[in-house]
Amino acid sequence: MPADRVLTGRDPVSGTPLAVTVAAGRITGIGPGPAQETRFLSPGLVDLQVNGFAGHDLNADGLTPQTVVALTHTLFASGVTTFVPTLVTAAHDRITRALQAISAARRTDRLVEHAIPYAHLEGPHISPQDGPRGVHDATWVRPPSLSEFADWQAASGDLVGMVTLSPHFPEAADYTAVLTGRGVHVAVGHTHAEPAQITAVVDAGARLCTHLGNGAHAVLARHPNYLWTQLADERLTAGFIADGHHLPADTLTAMLRAKGPDRSLLVSDAVALAGLPPGRYRTPIGDAVELHADGRLVQSGTPYLAGAARGLADGVAQAVTAARLSLGEAVRLATGQPGRFVGGRGTVTVGAPADLLRFDWVPGASTLGVDTVLVLGQEVGPPRATR
C-alpha cells in the first residue's frame, strides 16, 4: 500500500503553517506545518462557469470527449480541481451532442468524472434583448420547456445540474419549481425581468445569480431594476467575474458588500482563448478578436469585451486588489462558497476529497503562483518545468 503523502503550506486565512496528510484520495489528517513554509495551502479552486480554456472550446461545433479531457487536465494545472462545463444558447441537437461528449469524457477518465460534477446550461431560456442577451445567438433563444429538458437529461444520463434562465418567461416559475425539485440548481441571469418575476422564480427555488452585473443593459433605470432585486434577495448567491474587466473595482466592491461573503462567489466564465498568449485570434464563428496582455479580450478595433479570458486563479488575486479583500476571503469565494453548490467541496477537512492547491502569492500579484495541485490525492500539475 502506498505511503501517506504530506503537503505543507500556510492557511490563507490565518497564515498558520499546516501539514495535510493524504491517503486513498482523501484528507486523513491536519496538523502543524514547518514554520519556515512560505507557500499557501488551500482547497483546489471550484469554478461553476467554464466555457473553455487554453484553446479547448466546450461550445465549438463537434465537441469531442477528448477535448473535454484535455480541458480538464489543463484546468488542473491552473489550480482548478472542480469545474462546471457551461454550454450557451444553441440549437437543441447541438446542446444534446455537447452534453453527450461531456458525459462520455467523464466515463473514460476517473479524475475527469470527479472534477465535473454536472453541466451548466447558460440558456437557451434567456432574454432576447440586446444587452441582457450578451453574445448569445438570438436565433436560438426560446422559452423553458420541460420536454426539452427531459430530452437532454435522457441523452446525457442526467448530466445537467444547473440552468441559467431569465424569469421574464411565463413558464419560468413552474419550470424552476420542477427543476429544483429534482435537485437541479437554477440561476437568474441574462435577464430583463421585472422584480416581481425574479421574486417568483426565487420563491420557486432559484438560488443563484449568473455573473451578476454582466449580461445586462448598458443603461438602466435607477430603480427599480433587476440588479437591485438580485442584490437585495438574501436567498440568492451571486457569482461575480473578478477579471478586472467585466466589473470595475468600485462595482465589484459594492456588490460583494451588498451580498456579503456568505452569498457571493467567484467564477471565471472563461472562454477558449483564456490562458493563451496575447494576440489576434478568430472565434469559431469567424469574429476577429484581440487578447491583450492583461487578459482583456475585445472585438478587434473596438473597446467591447468578447468574453472572459482570465482563469479563476487570476480572479482570486484580482478580487484581493480590486475589492480590498484579504487573501483568505478571496480564496473562500473561489473554494468553499462555490463548493456549496457541488456537494460541499472546497474545504480542507479530514475526510474531504484530497483536492488541494499550494501556491505562492504576494500582495499586488495579478494571479496565484500555482506550485502543486492534487486531485483525489494525485498530483496533476502544474508541469514540473514551470515550478
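Look a little higher up for the structure.
Thresholds, definitions, all that
Residues numbered from 1 in each chain as written. Predicted model: local features only at pLDDT ≥ 70, side-chain atom pairs only at ≥ 80, totals over all residues. Heavy atoms only, no water. Core = buried A, V, L, I, M, F, W, Y, C linked by side-chain atoms within 4.5 Å. Buried < 20%, exposed > 50% of the residue type's maximum accessible area, 1.4 Å probe, protein only. Helix = DSSP H or I, 4+ residues; strand = E, 2+ residues; numbered from the N terminus. Contact = heavy atoms within 4.5 Å. Lys, Arg positive; Asp, Glu negative; His and termini not counted. Salt bridge = Lys/Arg side-chain N within 4 Å of Asp/Glu carboxyl O. Polar contact = N/O pair within 3.5 Å; in protein donor to acceptor, adjacent residues only side chain to side chain. Pairing = 2+ DSSP bridges.

Asks: Explain the nonpolar core to me, using residue names and the numbers behind them.
Replies: Buried together is how nonpolar side chains tend to be arranged in soluble globular proteins. Leu-99, Phe-240 and Leu-368 are the most contacted members of the largest nonpolar core, which totals 93 residues. With 7 residues, the single largest contributor to this core is helix H9 (residues 312-322). Apart from the residues within four sequence positions on either side, Phe-240 is in contact with Leu-212, Leu-247, Leu-252, Met-255, Leu-256, Lys-259, Ser-264, Leu-265, Leu-266 and Val-267.

Asks: Outline the side chain of Asp-243, listing residues and values.
Replies: Examined against the element boundaries, Asp-243 turns out to sit in the loop between strand S13 (237-241) and helix H8 (249-259). Of the side chains with opposite charge, Arg-310 lies nearest to the buried Asp-243, which makes no salt bridge, at 6.5 Å. Side-chain polar atoms of Asp-243 contact the side chain of His-246, separated by 2.7 Å.

Asks: Could you give an account of the side chain of His-246, naming the residues involved and the relevant values?
Replies: Take His-246: it is sitting in the loop between S13 and H8. Residue His-246 is classed as buried on the basis of its relative accessible area of 14%. Those residues in contact with His-246 that lie beyond four places of it in its chain are Asn-214, Ile-241, Leu-305, Gly-307 and Ala-308.

Asks: I'd like to hear about the sheet that holds strand S8 (residues 80-88), residue by residue, with values.
Replies: With parallel pairing, 8 strands are arranged side by side in an open sheet as S5-S8-S9-S10-S11-S12-S13-S14. Edge positions in the open sheet fall to strand S5 (45-50) and strand S14 (264-267), since each of these has one partner strand only. Two elements, S5 and S8, share 4 bridges in a ladder whose sense is parallel. The partner of Val-50 across the bridge, within S8, is Pro-85.

Asks: Please set out the pattern of salt bridges residue by residue, giving values where relevant.
Replies: Across all of its chains, the model carries 12 salt bridges by this definition. Between Glu-290 and Arg-280 there is a salt bridge, with its nearest N and O atoms 3.6 Å apart. Of this pair, Glu-290 sits in strand S16 (residues 288-291) while Arg-280 sits in strand S15 (residues 279-282), and the two are 10 residues apart along the sequence. For Asp-371, the salt bridge identified is with Arg-358, shortest N-O distance 3.0 Å. Here Asp-371, found in strand S20 (residues 369-375), pairs with Arg-358, found in strand S19 (residues 356-360); they are 13 residues apart in sequence, far enough to count as distant. Comparing Asp-371 with Arg-358, the two get one shared label, buried. It is possible to trace a salt-bridge network through shared partners that takes in Glu-37, Arg-39, Arg-358 and Asp-371.

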